[in-house]
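Chain by chain, the residues:
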Amino acid sequence: MNAKLPAGLLMTTLLIAGCGGGGGGQSAPATPKVGLITKTETNPFFVKMKEGAQKAAQASGLELMSAAGKFDGDNAAQITAIENMVAAGVKGILITPSDTKAIVPAIKKARDAGVLVIALDTPTEPQDATDALFATDNLKAGELIGQYAKAAMAGKPAKIATLDLAPGITVGQLRHDGFLKGYGLTAGDPSIVCSQDTRGDQAKGQTAMENCLQKAPDINLVYTINEPAALGAYTALKAKGREKEVLIVSVDGGCTGTKAVQSGQIAATSQQYPLKMAEDGVKAVAAFAKGGQKATGYTDTGVTLITDKAVSGVEAKDTAFGLANCWG
């Protein structure tokens, strides 16, 4: 089956529900199928999401199909995955859209065919292009680290670098906007001395930080879209001997990132919960497949500020909590 798929698309089918032996030559009823389409299969966030989907499918008696692009942004692979899953007769599709606008026509075709489509983690544009959304409140995630950074700077004039995701991806824009809101800034504020895109990649995060330091050597606060970008920024700062002088805040709450908070490389991060997103999504598809109940609207799957250096006025948990609830 995999050999017939286009290059760049990874698809697996996992039969979770056991098939009971039937008597008298009667065949067992077909097991309802649910599809999971992630941006990649290697990112620990999506690995944990798939684990959550597997666990929930087993508990719900569903057959799980999964697919992923070769790289973050592989919209063509996600379109093909939707088409394959609809052809296979899935009752519902869970998707983390790589291109939040370009994927919409394919989602519409699936919904027109009677398939329940739920976005996980990243909303489509428009958000109601899917039946429902199960995700972190990414604006709130950014706002929490913005509030933390403001308090931690304790009135010191900020020279801020923002290491963002990429244009046109809602999750990145929401986190960025939330950080500004939490800190009390608006776009274009002169305290933001450098902004670079990283695609959430550690090597690109390092390069972006190096570029920002060339532009503004006195940067003292760094916002990053995620923890790989934060660790890249830390590497660049350490090479300049400035790692102890610059506050880094981030979003995700993966195990590697949480350990970086514990070691002091990152001051604080907003932790999200991909396993819960997937589990809740599969349960919603099961309810639809078995009883016709259709999930709608937005379900907030939670976010927690993680730091070992708490500040007044900003609710947070320590890294012991973070490590007990991290992923990756």
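In this convention, every chain numbers its residues from 1, walking through the sequence in written order. Confidence filtering applies because this is a predicted model: local features only for residues at pLDDT of at least 70, side-chain atom pairs given and counted only at 80 or more, and all residues used for totals across whole chains, interfaces and linings. Side-chain numbers here rest on the full set of heavy atoms in the structure, without hydrogens or water.

**Student:** Would you mind going over the state of the cysteines in detail, with residue names and values included?
**Tutor:** We call a pair of cysteine sulfur atoms a disulfide when they lie within 2.5 Å. If you walk through the whole model with that rule in mind, you get two disulfides. Linked covalently through their sulfurs, Cys194 and Cys212 form a disulfide whose S-S length is 2.1 Å. On the sign convention where negative is left-handed, the bridge of Cys194 and Cys212, at about -75 degrees about the S-S bond, is left-handed. Here the residue Cys194 occupies a position in strand β8 (residues 192–197), and Cys212 occupies one in helix α6 (residues 202–215), the gap between them amounting to 18 residues. Judged on exposure class, the residue Cys194 and its partner Cys212 are both buried. Bridging Cys255 to Cys326, the disulfide has an S-S length of 2.0 Å. Of note, the bridge from Cys255 to Cys326 carries an S-S torsion of about 90 degrees and is right-handed in sense. Placement of the pair is Cys255 in helix α8 (residues 255–263) and Cys326 in the segment after α10 (319–324), with a sequence separation of 71 residues. The class of Cys255 is buried, set by a relative accessible area of 14%. The connectivity of the disulfides in the protein chain is 1-2, 3-4, where the numbers refer to bonded cysteines in sequence order. To qualify as a helix, a DSSP run of H or I must reach at least 4 residues; to qualify as a strand, a run of E must reach at least 2; elements of each kind are numbered from the N terminus. Burial status follows relative accessibility: with a 1.4 Å probe on protein chains alone, a residue under 20% of its type maximum counts as buried, one over 50% as exposed, and anything between as partly exposed.

**Student:** Go over the UniProt feature "domain: Periplasmic binding protein" (unreviewed entry) in the protein chain with me, naming the residues and quoting the values.
**Tutor:** UniProt positions are given in the numbering used here, feature names are shortened, and annotations may be inferred rather than shown by experiment. UniProt tags residues 34–292 as "domain: Periplasmic binding protein" (unreviewed entry). Across residues 34–292, helical content stands at 47% and strand content at 19%; the span's end C-alpha atoms are separated by 14 Å.

**Student:** Describe the pairing of strand β10 (residues 247–252), listing the residues and the values that go with them.
**Tutor:** On a regular strand, each side chain points to the face opposite its neighbour's, so the side chains alternate between the two faces of the sheet. Summarising burial for β10: six of the six residues are buried, a large majority. The pairing of strand β9 (residues 221–224) with β10 spans three bridges and is parallel. Residue pairing across strands places Tyr223 opposite Val249, the latter belonging to β10. Regarding the hand of the β-α-β motif, the stretch spanning β9, helix α7 (residues 227–239) and β10 is right-handed. Taken together, the four bridges between β10 and strand β11 (residues 268–271) define a ladder with parallel strand orientation. Residue Asp252 lies in a different strand from β11, and its bridge partner there is Gln271. Crossover connection from β10 via α8 to parallel β11: handedness right-handed. Any two strands between which DSSP finds at least two bridges are classified as paired. Look down the strands so they point away from you; if the path from the first strand over the helix to the second goes clockwise, the crossover is right-handed.

**Student:** Requested: an account of the layout of surface pockets, with residues and values cited.
**Tutor:** Using a grid of 1 Å spacing that covers the protein atoms alone, one calls a set of points a cavity when a 1.4 Å probe fits there but cannot get out, and a pocket when the set is open and has protein on both sides within 12 Å along at least five of seven lines; lining residues are those with an atom within 4 Å of a point. Grid points are joined across faces, edges and corners, and a volume is the space filled by probe spheres set on the points. In this structure, the largest pocket occupies an estimated 660 Å³ of space. Contributions of two or more residues to the lining of the largest pocket are made by α1 (44–60), α5 (170–183), α6, α7 and α8. Under the scheme applied, nonpolar residues are Ala, Val, Leu, Ile, Met, Phe, Trp, Tyr, Cys and Pro; charged residues are Asp, Glu, Lys and Arg; polar residues are all the others, including Gly. Per-class residue counts for the lining of the largest pocket are 10 nonpolar, 11 polar and nine charged. There is about 400 Å³ of room inside the second largest pocket. Lys244, Val246, Leu247, Gly264 and Lys309 are the residues nearest the centre of the second largest pocket, which is lined by 22 residues in total. When contributions to the lining of the second largest pocket are tallied by element, the ones reaching two or more residues are α4 (138–153), β10 and α8.

**Student:** Give a detailed account of the pairing of strand β7 (residues 160–164), specifying residues and quantitative values.
**Tutor:** When you tally the buried positions in β7, you get five out of five residues, the bulk of the element. The pairing of β7 with β8 spans five bridges and is parallel. Its bridge partner being in β8, Thr162 is matched across the sheet by Ser195. Of the crossover connections in this fold, the one passing from β7 over α5 to the parallel β8 is right-handed.

**Student:** Break down α5 for me, with residues and values.
**Tutor:** With 14 residues, α5 extends 20 Å from end C-alpha to end C-alpha; this agrees with the ideal 20 Å at 1.5 Å per step. When checking whether two residues touch, look at their non-hydrogen atoms; a contact exists if any pair is within 4.5 Å. Where α5 is buried, its residues meet α4, β7, β8, β9 and β10. Multiply 1.5 Å by the residue count of a helix minus one, and that product is the helix's expected span.

**Student:** I'd love a proper account of α6, names of residues and values included.
**Tutor:** Here α6 spans 20 Å end to end across 14 residues, near enough to the 20 Å set by a 1.5 Å rise per residue. Gly205, Ala208, Met209, Cys212 and Leu213 are the residues of α6 that are buried. With its buried residues spanning 135 degrees around the axis, α6 presents them on a single face. Buried residues in α6 make contact with β7, β8, β9 and α7. We call two N or O atoms a polar contact when they sit within 3.5 Å, provided that within protein one can donate a hydrogen and the other can accept it, with sequence-adjacent residues counted only if both atoms are side-chain atoms. For α6, the side-chain oxygen to backbone nitrogen distance between the N-cap and Ala203 is 3.1 Å, and the N-cap itself is Asp201. The directions from the helix axis to the C-beta atoms are what the arc is built from.

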